[in-house]
Amino acid sequence: MTFKYANLLLIIGFGSLSVVSSLLLSSGMLFLLTEVLVIALLAQMWNLLAGYGGMVSLGQQAFVGLGGYGLYVFANHSGLPVWLWIVVVPLMVGVAALPLGMLMFKLKSAYFSVGMWVAAEILAAIVMRTDALGQSGGLVLRPGGESLAGNPERILFAGAGLLLIGTIVGLRVLLNSDLGLALLAMRDGEEAAEAAGVNVRRTNLLIFCIAAAGCAAGGALYYFSTLYIAPTDAFQINWLISMMFVSVIGGVGTLTGPLLGTAVLIAVRETCTSLGLTGGTYWIIMGTIAIATLLILPRGLWPALRSKLHVPKTEKEATIG
Amino acid sequence: MIQTVAELLFQGATLGVLYGMIGAGLALTFGILKVVNLAHGVFITIGAFIAIWLTSLMPTVPLALIIVATTVLCALLGAALQYAVIERAMTFRDPSVPMMVTFGVSVIFTNALAQFAGADLRSLGVGSIAQKSLSVGPFNFGLFPLLTLIFVAVVFIAVDATIRKTRFGREVRALSDRPDIAALMGVRVRLVHAQVAALAAALAGVAGVLLAMRASVSPFSGGENLMIAFEVVVLGRLGSTKGALLAGIFLGIVQIVSLRFDSNAGLLYVHLSFILILVFWAASGKLK
């Protein structure tokens, strides 16, 4: 099967699956599954940055928060439909990420990582102190100043499903293009890539902005489903921890890895909930799994599993370790 | 007026030397082990909580002894972590592996601490010495901050002398410059790595105890502390202990002065001043 048909089939298959299940499942289940899809999407974005771009960011939660707050502010204060903003706000965040990226790229490797975290902290502190954003009390979603009518969770879930599969297919196409080749060349050696005619800085900036927009889309979708947003929640480091652990467990630098990692995350979380364990225990277990994966299978579960199952390599992969 | 300014500067400096100490520990692991230890911030919190736990367990034991015990425990923990986990992560070619491993460690430690000690803010009482102060002309300096200042100065001189004058220090410097040749010359690499990790963890632990005496800490303070340590290292131009000390003092003064004008600013102005300096350096081409 050619690459194009595989992509088309993926979109139609998973797209119709998410539409059909959005009509059949209960709203509690849909709420949970929307969060799962959002985590998978965020992990794809973190993985794009770290696995393919070699930029380990500890500040991606900033974009999740920006996406959520952007949606609330624009939907609440403009007369335009909230569904429009869920598309526009991520694009705006992607553009706004450009100057931040230009500054942060002055910091190399680990300095970039922690620098991003500092930037996210500053943003959270500013939101927490801004009157118009409800300070630490947060905001309620009231599009056009009125309470939201109906149950958005069905459309939200279908939208999140479509967005996730669209993102994965988009990344597949991207990684098979010249840009993907440039990224892989950069991972192997920036100087060599530069010498071969790759504009390293511009490629990195593009990836950074795409990842920012993707995280903002995840934040907008998630906080649309909660109907309430607060800074300590929207900008919390736990968003980042989930993205990193999910990617690391599943396989950094593969597209299937973050999906597999998300499955692990949900399995652990639901097991903890059903056993009555606290949130702290859940994070301890996830951290242990992530560290064990890094030490034993630094490339993650998916690459190891794939060679066991003799699944042929169909995607461009970056290597780690 | 001049008294207020002097007092603020003094408070900022006594806080800042602690930041310098945190930064020096991070710079040590980065410079010598070539590992970005994202668990460094957690050692600061762990130090504080061990001291709080020990004093509640043995209220009659003098504070100096508590500090020594805490330092030793933190050093042991740091060495054990290096030996058992980080050393293995360092064998991978990609430097992001040890970084992500230490991040995982910090998540585990933070949540374990919160489960064990509760998520509340805690602080460590210093007893009657907190009220004592020393008058120099029109100025009033707290005795406890003064002692902190002297203590940190002694620690810095001791660390500096250890690195420059002792056999251990020579091995450390050799490992940092040419690890392969150092190993050929008989330096026991894993042992020295564990010792360096112990030293860094001890510095973080002591700083944590002293910070808990000034202000309250929670199990979730590790992230904040890590960011400060990182800012100290960047502003202090990596690797030099004097640079770390000066950068720490600068950030400490920024924090104390900003809190004076805006009492719930937290670390906002500290982070902002750090980013502003970065922007300035980037614009003037100083970052390369």
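In this report, we go over the structure that sits alongside the text. Note that this is a predicted model, so its numbers are computed, not measured. Numbering of residues starts from 1 in each chain and follows the order in which that chain's sequence is written. Key to labels: chains lettered from A, ligands numbered from 1, both in the order written. Only residues with pLDDT of at least 70 get local features here, since the model is predicted, and only at 80 or more are side-chain atom pairs given and counted; chain-wide, interface and lining totals rely on the full set of residues.

Our focus in this paragraph is the overall build of chain A. A run of H or I in DSSP counts as a helix once it spans at least four residues, and a run of E counts as a strand once it spans at least two, with each numbered from the N terminus. When helices and strands are counted, chain A shows 14 helices and 2 strands. The quantity called the radius of gyration is restricted to C-alpha atoms. Its globule counterpart is 2.2 Å times the number of residues to the power 0.38. Here the C-alpha radius of gyration of chain A, 19 Å, is about what a compact globule of 321 residues would show, namely 20 Å. Taken along its principal axes, the extent of the C-alpha atoms in chain A is 55 × 45 × 40 Å. A separation of at least 24 residues holds for 78% of the contacts in chain A among residues at least 6 apart in sequence. Any residue pair is listed as a contact if its two C-beta atoms, each placed from the backbone, are within 7 Å.

Of regular secondary structure, chain B possesses 11 helices and 2 strands. Each helix and strand of chain B, placed in order from N terminus to C terminus, yields the pattern α-α-α-α-β-β-α-α-α-α-α-α-α. For 288 residues, the compact-globule estimate of 2.2 N^0.38 gives 19 Å, and the C-alpha radius of gyration of chain B, at 19 Å, lies within 12% of that figure. Oriented by its inertia axes, the alpha-carbon framework of chain B measures out at about 60 × 55 × 35 Å. Within chain B, residue pairs in contact and separated by at least 24 positions form 75% of the contacts whose partners lie at least 6 positions apart.

Right, let's talk about the pairing of strand S1 (residues 133-136) of chain B for a bit. Residue and element names in this part refer to chain B. Across 4 bridges, S1 lies against strand S2 (residues 139-142) in antiparallel orientation. Bridging across to S2, Leu134 finds its partner in Phe141. When DSSP finds at least two bridges between two strands, those strands are taken to pair. Two successive antiparallel strands, S1 and S2, enclose a turn made up of 2 residues, where Gly137 displays a positive phi of approximately 60 degrees.

The next thing to look at is helix H9 (residues 200-226) of chain A. All names here are of chain A. Over its 27 residues, H9 runs 39 Å from end to end, which matches the ideal 39 Å to within 8%, given 1.5 Å per residue. Across the 27 residues of H9, 19 count as buried, placing the element largely inside the fold. Residue Leu227 follows H9 closely and has a positive phi angle near 65 degrees. The span you would expect from a helix comes to 1.5 Å times its residue count less one. Exposure criterion: with C-beta atoms placed from backbone coordinates, a residue whose C-beta has 20 or more other C-beta atoms within 10 Å is buried, one with 12 or fewer is exposed, and one in between is partly exposed.

Before going further, it helps to spend a moment on the interface of chain A and chain B. Listed by partner, the interface residues are 31 residues for chain A and 36 residues for chain B. Those elements that provide at least two residues to the side of chain A that touches chain B are helix H5 (109-128), helix H11 (237-250) and helix H13 (279-296) of chain A. Among the elements that line the side of chain A that touches chain B, the one with the most residues is H5(A), at 10 residues. By the convention adopted, Pro, Cys, Tyr, Trp, Phe, Met, Ile, Leu, Val and Ala count as nonpolar, Lys, Arg, Asp and Glu as charged, and the other residues, Gly among them, as polar. Residues that form the side of chain A that touches chain B fall into these classes: 22 nonpolar, 7 polar and 2 charged.

Let us look at the packing of helix H3 (residues 61-77) of chain A against H9(A). All names here are of chain A. Fitting a line to C-alpha atoms yields each axis, with helices limited to the stretch in contact; the angle taken between N-to-C directions then spans 0 to 180 degrees. Packing of H3 against H9 leaves a shortest axis separation of 6 Å and a crossing angle of 55 degrees. For the element pair H3 / H9, the angle class is oblique. Crossing angle aside, the handedness with which H3 passes H9 is right-handed. In this structure, H3 contributes Phe63, Val64, Gly65, Leu66, Gly67, Gly68, Gly70 and Leu71 to the contact, and H9 contributes Ala212, Cys215, Ala216, Ala217, Gly218, Gly219, Ala220, Tyr222, Tyr223 and Phe224. Taken together, the residues of the contact of H3 with H9 sort by class into 12 nonpolar, 6 polar and no charged. Angles are sorted into four bins: roughly parallel if under 35 degrees, roughly antiparallel if over 145, roughly perpendicular if 65 to 115, and oblique for all others. Left-handed is the label given to a crossing in which the near helix is rotated counterclockwise from the far helix by less than a right angle, and right-handed is the label when the rotation is clockwise.

Attention now moves to the environment of A:Val169. All names here are of chain A. In this fold, Val169 is placed in helix H6 (residues 153-176). Judged by the 19 C-beta atoms lying within 10 Å of it, Val169 is partly exposed. Val169 sits 22 residues away from Glu191 along the chain, and the two C-alpha atoms are 30 Å apart.

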